[in-house]
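What follows is each chain in one-letter form.
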Amino acid sequence: MRTYIKDLSQILSNIRTVTNNPKQVAIDKSKNGVTTVKKVKDNKRITIRDKKVHDLVKALNLEIDFLRDDILPKEFVLVLIRQSDKNIHLNIDNGSFHYLLTKLKGYFYNFSITSVARTNKIYSSKGTLLIAKKSR
């Protein structure tokens, strides 16, 4: 009984050191008395479904100039898929940007307005960080 409690407390301490969010942890079944803890990949990241999105964002930016002049369309896509630390500044109002995002949705997996806001890299035309509203 004492070894069970000791093993359980060690597993729990391993989980706490891996992550603070228990939804991101998986426990493999014991093999030869050894229990392993591994971090589960976060599946909420935006990924590219259609590579034509790069050309589409470039064409959109040429047509409606939604990105500030020092931001490249490719950088915008890289920020969405979290492969860039660059801050994105918009030239259009938030309502127009929301509409633009709804049209881009089909070119990405796991795409939502909330997941775009969670990048914490996109700033409105007035310079404020776009954030996701918390649901009640």
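In what follows, the structure referred to is the one given above.
Residues numbered from 1 in each chain as written. Predicted model: local features only at pLDDT ≥ 70, side-chain atom pairs only at ≥ 80, totals over all residues. Heavy atoms only, no water.

Undergrad: Quick one: what's the story with unusual backbone geometry, residue by residue and with numbers?
TA: In this structure, Asp65 is a non-glycine residue whose phi angle is positive, near 50°. Topologically, Asp65 is positioned in the loop between α2 (53-64) and α3 (73-80). Its identity is not glycine, yet Asn110 carries a phi of approximately 55°, on the positive side. Summarising the element assignment, Asn110 is placed in the loop between β5 (108-109) and α5 (113-117). (Helix = DSSP H or I, 4+ residues; strand = E, 2+ residues; numbered from the N terminus.)

Undergrad: Got a sec to walk through the layout of surface pockets? Specific residues and values, please.
TA: In this structure, the largest pocket encloses a volume near 290 Å³. Every residue lining the largest pocket is counted, 14 residues in all, and those nearest its centre are Ile113, Ala117, Leu130, Ile131 and Ala132. Going through the elements one at a time, α4 (94-104) and α5 are the ones with two or more residues in the lining of the largest pocket. When its residues are assigned to classes, the lining of the largest pocket shows 10 nonpolar, three polar and one charged. (1 Å grid on protein atoms, 1.4 Å probe; cavity = no way out; pocket = protein on both sides within 12 Å on 5 of 7 lines; lining within 4 Å. Points joined across faces, edges and corners; volume = space filled by probe spheres on them. Nonpolar A, V, L, I, M, F, W, Y, C, P; charged D, E, K, R; others polar.)

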